[in-house]
Amino acid sequence: HPDYVTELNNLAGLYQSLGQYAKAEPLYIEARDIRKNVLGEKHPRYAMSLNNLGTLYQEMGQYEKAEQLYSAAGNTWKTELGTNHPDYALNLTNLASLYEATENYSKAESLYLQAADIRKKVLGDNHFDYAMTLNNLASLYASQKQYDKSRQLLLQASAIWKKTVGEKHSIYSTSLNNLAAVYRKSKSNYPEAEKLYQQAIDIRKNTLGAEHPFTAESQADLALLYLQMGQYKKAEPLLVQSNTTLQKNLAAAFTILSEEEKANFLSYNLSSMDINNSLLFNNPASGKTFAASSLGLLLGYKSMSLAATRSMLESVLNSNDTTLKRMLQAWITDKKTLSRQYSLPPEYRSANLKTVEAETESLEKEITRRSASFKDQQGSLLVTMKDIQKNLDIDEAAIEFLNFKLYRQGKTDSIIYAAYIIRKNDSIPVFVPLCEKQQLRKLFDSAGQSATTMVSSFYRGLEIKASAATLGKSLYKIVWQPLEPYLNGIKKIAYSPAGKLYSVAFHALQADSGLLMDKYKMQQYTSTRQIAFRNSQKGNIAPGEMVLFGDAEFSMDSVQLTRLRKGNNLATVSAPSVFRNENLWQALPGTGTEINKIRQLFEQNKIKVRVYTKTSASEENLKLLNNSAVKEIHIATHGFFLPDKNEKEEKESGNTYKRTEDPLMRSGLVLSGGNYVWSGNTPINGVEDGIVTAYEISQLNLMNTELIVLSACETALGDVKGSEGVFGLQRAFKMAGIKKMIVSLWQVPDKETAELMTAFYNYWLKGKNVNDAFYQAQADMRKKYAPFYWAAFVLVE
């Protein structure tokens, strides 16, 4: 019934106003679906449902979804109601605000001006909605530093709202907050900006509540003003309050979001971390409460999407809810379908791919929403410094690296790298600025253009030159030496990199005397948050059944590939080659020697081993490990990470993996038969193609597998995205449930790699835990070879 739908819509709007997005979204969706079924997709009220859902997604930073909904609603209103209708003006305003948020200012201005003309003509120049358009247009001009224009429009909007809804209405606080921002950004009237921000906070507290996102936004804005004014002590309590609200909203929102939406939501709120860290940078004497709060916010953001999605999957897999498990299986099946589609050249993909993507994401969100136990776990995802300290040893320090935009004197000067240091008995974390992004970039540029030259320069490669030694020490001086004064008595380091630091082999940095690993035992984490969940055994995994892949047969024709297919007699259509000029993957006979040595070690210790070589080292056999009880997996093969290509290169390349935007499709492992599709051939129907992308790996369930060793090139690399870390094989195997992984930062030589791996397994089988065995193996290699030959490998938890 239309009245019921109206109530759904209104209730959703109320929850949205309160910042309770998890409650608002399902109600908006229900209202939309009923209107679609009862009224049809061309009805103006259905368009209103699309518009309302769009506003919710925009508030949550889901810009692409919001734009699609706005566009669909606008088309309906334009056709059914005409271009002089208030609803059409509403659509123009919302679409303009979206373009403003994504910095498409010219489009935004044009739409705002159109909306203002319609509302003024139809509703009058004293109407609430007309004031809204003036307010939004003013915000746009402020973004373009046209402060006088912005101020005049805001004063006009404020006067209209004051007259129509009064000074205690939440919308009136918006005009105050925006006007304060103009005074702050233009540096024209700090006292007036302070007064207006405080008024906005008071109104929002009274009308929306102390824990509303808009209240937190005003608090952070006022803190930024105080930062700009150098009044640091006034800024701190405001940011502590804002941080607490942000973390609560983060936990609540994650109960309804897909993985992609989580990443967008985090990105949308990253500026809060910039303000916090800028304050610590500008005021080293910040109070204890603020330093801990700032670290807590960082721990809440870093790799949070990965942790939350993995937590949801584990929750469902361990539950007794058969319906939920069936939904999860359907979702995994859909993801596999998408994976197959993404492996095809764009011109061969299904016409309804967007529909499948939308349905898959919708199913993921429904699983998350219905998993009550997952919701109960949300609190555990928010970790404090004390939670980490409980699991630290007295001689151990946790180091959380970060990079942030520095606010100083009202502008963003540069990107700064810094670190938080946590020790067992310290009352507060230590915040240590390290270097500017430009310093780090300049140093990497000077090391050489090719990856081999760069690695050789930093880690003393094939030829140890004076210049190489100097570069290695320079890297140490800017990313580690500033930390040393705070590490007295420390012998073990648990660290999590950030930005460009993900490509640094910290254990092989050249300190003043020797390498860093000579002084500390170093353990890398995706986030130091994980230390809070470290079990009492501290990595003491007992060796169990081992599966080995190596010496794969990379080059196979379509007939050979088809013969690998098991259990069906489907006719095979071999598509013509569309591209054959790519470099093909070359055989790695050394990996056969490597896995044979490992097999012998495990068999000598009477531990079951499965070995896959040549044609059996296939993608199909790797995927058969899904849901298995295998404890360890060792894969010795080619690995790849393909950086973003420019548009021309993407069009000219027939290699699908070089043409995709998704970093999880641009990284992976090469197994038997992989050269067939790598050279540009279309995959054969029903046959695994031998290129195992990170996207595909992320769909596996390897929760029972404790350790995976990727004895391959560049398996630690990927796109670094905001606070979420590396999007590549690391993330994929973490998504699959792997506890520990050994991955590589650069192209590794066969002989020394085999020697390192043999030593590692030997120590582990003799009773050392995984971490100590790996450290000892590298220590042995360190005595014989330059770091170039062995330091590429890192153990990541």
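Sequence order as written defines the numbering, with residues in each chain counted from 1. Where totals are concerned, whole chains, interfaces and linings use all residues; where local detail is concerned, this predicted model gives features only for residues with pLDDT of at least 70, and gives and counts side-chain atom pairs only at 80 or more. Only hydrogens and water are set aside; all other atoms, that is, all heavy atoms of the structure, feed into the side-chain values.

### Concerning the environment of Lys149
Then comes step 1: Secondary structure elements follow DSSP: runs of H or I of four or more residues count as helices, runs of E of two or more count as strands, with numbering from the N terminus. Take Lys149: it is sitting in helix 8 (residues 147-164).
Then comes step 2: Exposure remark for Lys149: the relative accessible area of 45% places this residue in the partly exposed category.
Then comes step 3: Sequence-wise, Lys149 and Leu137 are 12 residues apart; in three dimensions their C-alpha atoms are separated by 9.3 Å. Think of it in three bands: residues with accessible area under 20% of the maximum for their type are buried, residues over 50% are exposed, and the middle band is partly exposed, with areas taken using a 1.4 Å probe on protein chains only.

### Here's the deal with the pattern of salt bridges
Then comes step 1: We define a salt bridge as a contact between a side-chain nitrogen of Lys or Arg and a carboxyl oxygen of Asp or Glu at a distance within 4 Å. The final tally for this structure, using the stated rule, is 24 salt bridges.
Then comes step 2: Note that Asp551 and Lys614 form a salt bridge whose closest N and O atoms lie 3.2 Å from each other. Residue Asp551 is located in strand 6 (residues 546-552), and its partner Lys614 is located in strand 7 (residues 609-614); the two are separated by 63 residues in the primary sequence.
Then comes step 3: Taking relative accessible area as the criterion, Asp551 reaches 14% and is therefore assigned buried.
Then comes step 4: By relative accessible area, Lys614 is classed as partly exposed at 41%.
Then comes step 5: A salt bridge links Lys740 to Glu797; its shortest N-O distance comes to 2.5 Å. In this pair, Lys740 is assigned in strand 15 (residues 740-744) and Glu797 in the segment after strand 16 (793-796), connecting sequence segments 57 residues apart. Judged on exposure class, the residue Lys740 and its partner Glu797 are both buried.
Then comes step 6: By sharing partners, the salt bridges in this structure join Glu619, Lys623, Glu688 and Glu696 into a single network.

### As for unusual backbone geometry
Comment: phi is negative for the bulk of residues other than glycine, and the bulk of peptide bonds are trans.
Then comes step 1: Even without being glycine, Asp551 reaches a positive phi, approximately 50 degrees.
Then comes step 2: A positive phi angle, close to 65 degrees, is found at Asn627, a residue other than glycine.
Then comes step 3: Locating Asn627 in the fold gives a position in the loop between helix 26 (619-623) and strand 8 (632-636).

### Notes on the side chain of Ser618
Then comes step 1: Relative to the assigned elements, Ser618 resides in the loop between strand 7 and helix 26.
Then comes step 2: Sequence-distant contacts of Ser618, that is, excluding residues within four places in its chain, are made with Phe549, Leu671 and Ser672. Any two residues having at least one pair of non-hydrogen atoms within 4.5 Å are treated as being in contact.

### Looking at the packing of helix 8 against helix 9 (residues 170-186)
Then comes step 1: Fitting a line to C-alpha atoms yields each axis, with helices limited to the stretch in contact; the angle taken between N-to-C directions then spans 0 to 180 degrees. The interhelical angle for the contact between helix 8 and helix 9, taken along N-to-C directions, is 160 degrees, at an axis separation of 9 Å. Between helix 8 and helix 9, the interaxial angle falls into the category roughly antiparallel. Crossing handedness for the pair helix 8 and helix 9: left-handed. Residues Tyr147, Ser150, Arg151, Leu154, Leu155, Ser158, Trp161 and Lys162 of helix 8 form the contact with helix 9, whose own contacting residues are Ile171, Tyr172, Ser175, Asn178, Leu179, Val182, Tyr183, Lys185 and Ser186.
Then comes step 2: All residues other than Ala, Val, Leu, Ile, Met, Phe, Trp, Tyr, Cys, Pro, Asp, Glu, Lys and Arg, Gly among them, are scored as polar; the first ten of these are nonpolar and the last four charged. Each residue belonging to the contact of helix 8 with helix 9 can be placed in one class, and the counts come to 9 nonpolar, 5 polar and 3 charged. Should an angle fall under 35 degrees it is called roughly parallel, over 145 degrees roughly antiparallel, and 65 to 115 degrees roughly perpendicular, with every other angle called oblique. Handedness of a crossing follows from how the near helix is turned relative to the far one, being left-handed for an anticlockwise turn of less than a right angle and right-handed for a clockwise one.

### Some remarks on the packing of aromatic side chains
Then comes step 1: Note on ring pairs: Phe, Tyr and Trp rings are taken, using the six-membered ring of Trp, and paired if centres are within 6.5 Å. Classes follow the plane angle, with under 30 degrees stacked, over 60 edge-to-face and the rest tilted. By the definition in use, this model includes 19 aromatic pairs.
Then comes step 2: Each ring, one from Trp585 and one from Phe640, has its centre 6.4 Å from the other, and the planes form 35 degrees; the classification is tilted. Pair noted here: Trp585 is in the loop between helix 24 (558-564) and helix 25 (589-604) and Phe640 is in strand 9 (residues 638-641), with a separation of 55 residues, a long-range link. Grouping residues by exposure puts Trp585 and Phe640 together as buried.
Then comes step 3: The interplanar angle of 85 degrees and the centroid separation of 6.0 Å between the aromatic rings of Phe760 and Phe774 together place this pair among those described as edge-to-face.

### With respect to the side chain of Glu396
Then comes step 1: Locating Glu396 in the fold gives a position in strand 1 (residues 396-408).
Then comes step 2: Under this definition, polar contacts are N or O atom pairs within 3.5 Å; protein pairs additionally need one hydrogen-donor-capable and one acceptor-capable atom, and for neighbouring residues in sequence, both atoms have to be side-chain atoms. Looking at Glu396, its side chain comes within polar contact range of the main-chain nitrogen of Asp393, at 3.0 Å.
Then comes step 3: When near neighbours in sequence (up to four residues on either side) are disregarded, Glu396 contacts Asn391, Ile422, Arg423, Lys424, Ile490, Lys492, Ala494 and Arg534.

### Some points on helix 15 (residues 288-301)
Then comes step 1: In this scheme, a helix's expected span is set at 1.5 Å multiplied by one less than its residue total. A rise of 1.5 Å per residue sets the reference length of helix 15, with its 14 residues, at 20 Å; its end C-alpha atoms lie 20 Å apart and thus fit the reference within 8%.
Then comes step 2: A large share of helix 15 lies buried, amounting to 11 of its 14 residues.
Then comes step 3: For helix 15, the full list of buried residues reads Phe290, Ala291, Ser293, Ser294, Leu295, Gly296, Leu297, Leu298, Leu299, Gly300 and Tyr301.

### A look at the sheet that holds strand 11 (residues 691-693)
Then comes step 1: Only when DSSP finds a minimum of two bridges between them are two strands counted as paired. Pairing within the open sheet is antiparallel, and its 3 strands lie in the order 9-10-11. Both edges of this open sheet fall to strand 9 and strand 11, since each of them pairs with a single strand only. Pairwise comparison of adjacent strand axes, ignoring direction, gives a mean angle of 25 degrees for this sheet.
Then comes step 2: Sheet analysis places strand 9 next to strand 10 (residues 667-670), joined by 4 bridges and oriented antiparallel. The partner of His638 across the bridge, within strand 10, is Val670.

Any link to function would need more than the numbers given here.
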